[in-house]
Each structure stands twice: as C-alpha cells, then as structure tokens.
Amino acid sequence: MRPRRSLRTGSSLAALVTGAALLFTAPVAHAADTPLRDLAAAKGKVIGTAVTGSKLTGTYGDLAGAQFNSLTPGNAMKWGSVEPTRGGFDWAEADQIVAFAQAHNQQVRGHTLVWHNQNPSWLTNGSWTSAQLSSLLQNHISTEVGRYKGKIAAWDVVNEPFNEDGTYRPDLWYNGLGADYIANALTWAHAADPAAKLYINDYNVEGVNAKSTALYNLVKDLRSRGVPVDGVGLQAHLILGQVPSSLQQNIQRFADLGVDVSITELDVRMALPADSTKLAQQAADYKSVLNACVAVTRCAGVTVWGFTDSDSWVPGTFPGYGAATPYDENYAPKPAYHAIAEALGGTTTTPPTGACTATYSVTSQWNTGFTGQVTIACSGASLSSWKANWTFGAGQQITQAWNATCSQSGTAVACTNASYNGPVPDGSSVSFGFNASWSGSNPVPTVTLGRA
C-alpha cells in the first residue's frame, strides 16, 4: 500500500493547493561499470539477490543475471509453495530459478526448509503425534534437498527459531518436537546433500543482543555435538540509519566458532517519499553492511532481498515505508547500488544529482467535485515520456482529464502523457488536469512518476 497523508480541505484556496511530490531519478547508464558480481568474486564474496521466478525476463532478468552471482528464491522453495498438498509437490518456479542460475553461472541459495510461516494448511491444521510430525519433516527435507542435490550452494535449513528475548519461538516445530528439531533438520539436510552449506537464519540478530547471543550459543552447542551446521544467516532487514554498531563484531564472533556468516536478506527501508537526503543515508547504510562483511574473512557474502523497489516486500508489510533496495522501480541504480560497488572495491560513474518530480494539487473544490492538477518538472534530468499513478484514499472518482490520458480502476488512477507533451527537458515542466467527484474528505495522494 502506498502512503498517503490526509488533507481535509477548507474554503480558502490556500488550503487547497497543498500537494504531494515523489522524486523520480532518471535511469543511469551503468553498463560500463564493473558488474557487482565481478567485484564480489574478486574479493572471494557472494553478492546475491532474492528473485521472483516469473519476472526473470526483460530488464529484470538482464540485471539479475548480469549483476549478481547468487540467487535466492524469494518464495518458490518454501513449504507452502513446493508441497501445497501432502505428498503433492510443485517444483515449477523453483526449477525455473535454478535453471536461470545455471544458465548465468550463478549459485543458488535454498530458502527455506523449516519455518513457522508460509506452511500449507494441511500441515498447520493437522493433529500430529511427535513421531508423525518428525516423519513429515524428514520426508520434506529429504525430498526437497535431494531433488536439488549438487545444485544448491547453501540452504537456510532453519529459519527464525528465536523470539526477541532469545527464547525459542513456540511454533509448530518447537511445540511438537522440542529444540532438537533444529539438530535433526540439519542432520537430515546433510544426509540428502553432503556438499551443501547448511545455515540457521534469523532477523534482528545483526548486532550483539539477546537474540543473537541465543543463536550464538545454539551454534556453539550444535558444533560441540557434531551437528552439521556450516553457517549463520543474518537477515538484515534494516531501517534507515539503524545499522547496528556491533555488526562486524557480531559477524566475527560467529566466524570464530568455525562457521561461515552470510548477510542473507538485506534491505534498508525508509519512510516515503524518498528524497536525496534519505537516499544518501541509505547508501551509507548499505556500505556499512558491505564493509563489515568484507572485513571478516568468513563472511561469505551479502544477498539483497530483491534488487528493485518494484519487487520489494516492504511496502506491503510496513505501510508508509519502502524504497528499500539498490534499484528504483524503473530499474535505475540508486546511490545504494554505487555504495555496494565501492564497498566491493569498484569505482562507479557518479550518479546524477538531478531528478524529476510529480506534484499533485487541488486547485478548486465545490460540494460534489474538485479540479486537480499534476505538474511534472525535471531538474538535472529529463523524460522522453511519462506516466503518473496514484491511489485515491476517500472514494474520489475522475470524471474528465486534459493534457493526459487517465484511467481509473477502483481507487487506482493511471495517467500517461498526451501525444504532444511526453518530453520533459531538463529545467522544464508539463502539467495535466482533471475533474473528479468527492464526498466527505479529499486526502492528497502520493504520485508515483515513471516512464511510459
């Protein structure tokens, strides 16, 4: 859901012209820069991304293949996706991602075998004895890991086993099998593919805290018992400006146990809309995380949880937040992309400081309707064509538009340039207007600006 701020209009025109603008940075040609995957390989690191299999075509597929040396299926290997019915498996998207990775000389990170979430209803709603649940778990792990034996570099075997205070999460697995479900899952995965690296993965364990210390103690115990645990995954779903100061120290203490460490799901979310100040802070945050990994020999690498804002989970999970990945929704590299490259030892072309903005305003209003205007302006950038999208928050309906072609489906509005006003040169602007109906309130939406 896109954020919107409420504006209850009054009778004065001054109260009506308040608008909302969204920054749009024109795409930067960066093919001449050394790809991230080559920079990472030169340092002996992985730079990966989570992907959606159905999107691995066009620009999305080109960037996923060219920039990253590892792919993580975002959802395609989770239990609910691959075994939606008991004993009935659907490997289509997982196979597609593995095949893409093989064709592009990439590793695959399997995600995830044992988790409290995204399980099929037949499993979560069943009444199982401990013996039955253990058998189901072993069969699922053996089947999935066995299918991809030799094709998966690392598996997130157990995902998110801890509460924030370091106690075990009381989920299906812990409640039914006790804490040893973790050791058993690792043992079964190792038996199915002895060559794959086996990880325990969790969030909010990036810095030294109660949760990460519980994970540390678990890994130390498992290692002392000979359980095959090869690595620790630190998810790193971070908030702007909140990279833990103890991140490198934490990575090092896990490495000192004799295991690898990976940053497995990195993104840095911000309150929308994005602006140049927030994007600069985000770049600094990405660079801090990459620097911490590069500094520790046993940090295997970093995976971003989606590389483009158009494929990010953040807006749907954290309303009002987004812009969390290294590329914007139009596949333009953001300052964060260049920060990753620099942390990996690369030099990149300087990203532009210019941008285009779309500003929405209400210019007049009466009992049942209003006139709105959107102005698209560019400074230090330009557009050859444009599209503007927004979501109305209070049932407003467009009835007429000029200088643009507008359509509305439910609350979603999409407007594209007319044949004569697509180009917006640097230092210029174009506007289009519309009439619409309203009732009760007329909150100003945030406009998403892109290329048509």
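Throughout what follows, the structure given in this document is the object of discussion. This one's a predicted model, so the numbers in the text were calculated from it and none came from an experiment.

Things to note about the side chain of Asp267
Inspection of the secondary structure puts Asp267 in strand E10 (residues 260–271). The buried charged residue Asp267 lacks any salt bridge, with Arg269 as its nearest oppositely charged partner at 5.1 Å. A distance of 2.8 Å separates a polar atom in the side chain of Asp267 from a polar atom in the side chain of Trp313. Look past the residues within four positions of Asp267 in its chain and what remains in contact with it is Ala236, His237, Leu238, Tyr286, Trp305, Trp313, Val314 and Ala324.

Considerations on the packing of helix H7 (residues 130–147) against helix H9 (residues 181–192)
When two helices pack together, their arrangement is given by the angle between their axes and by how far apart the axes lie. Contact geometry for H7 and H9: axes closest at 8 Å, N-to-C directions at 35°. Note that H7 runs across H9; the crossing there is right-handed. Across the interface between the two elements, Ser134, Leu137, Gln138, Ile141, Ser142, Val145 and Gly146 of H7 pack against Ala185, Trp188, Ala189 and Ala192 of H9. When its residues are assigned to classes, the contact of H7 with H9 shows seven nonpolar, four polar and no charged.

Examining the pairing of strand E15 (residues 387–391)
Going residue by residue along E15, you find Ala388 and Trp390 tucked away on one face and Lys387, Asn389 and Thr391 left uncovered on the opposite face. In terms of strand pairing, E15 meets strand E18 (residues 412–417) through five bridges, oriented antiparallel. Pairing of Asn389 across the sheet is with Ala414, part of E18. Where E15 lies against strand E21 (residues 448–450), three bridges are found, and the strand directions are antiparallel. Looking at E21, one finds that Asn389 is bridged to Thr448.

Quick notes on the rules
Residues numbered from 1 in each chain as written. Predicted model: local features only at pLDDT ≥ 70, side-chain atom pairs only at ≥ 80, totals over all residues. Heavy atoms only, no water. Helix = DSSP H or I, 4+ residues; strand = E, 2+ residues; numbered from the N terminus. Buried < 20%, exposed > 50% of the residue type's maximum accessible area, 1.4 Å probe, protein only. Lys, Arg positive; Asp, Glu negative; His and termini not counted. Salt bridge = Lys/Arg side-chain N within 4 Å of Asp/Glu carboxyl O. Polar contact = N/O pair within 3.5 Å; in protein donor to acceptor, adjacent residues only side chain to side chain. Contact = heavy atoms within 4.5 Å. Axes fitted to C-alpha atoms, helices over the stretch in contact; angles between N-to-C directions. Left-handed = near helix turned anticlockwise from the far one by under 90°. Nonpolar A, V, L, I, M, F, W, Y, C, P; charged D, E, K, R; others polar. Pairing = 2+ DSSP bridges.

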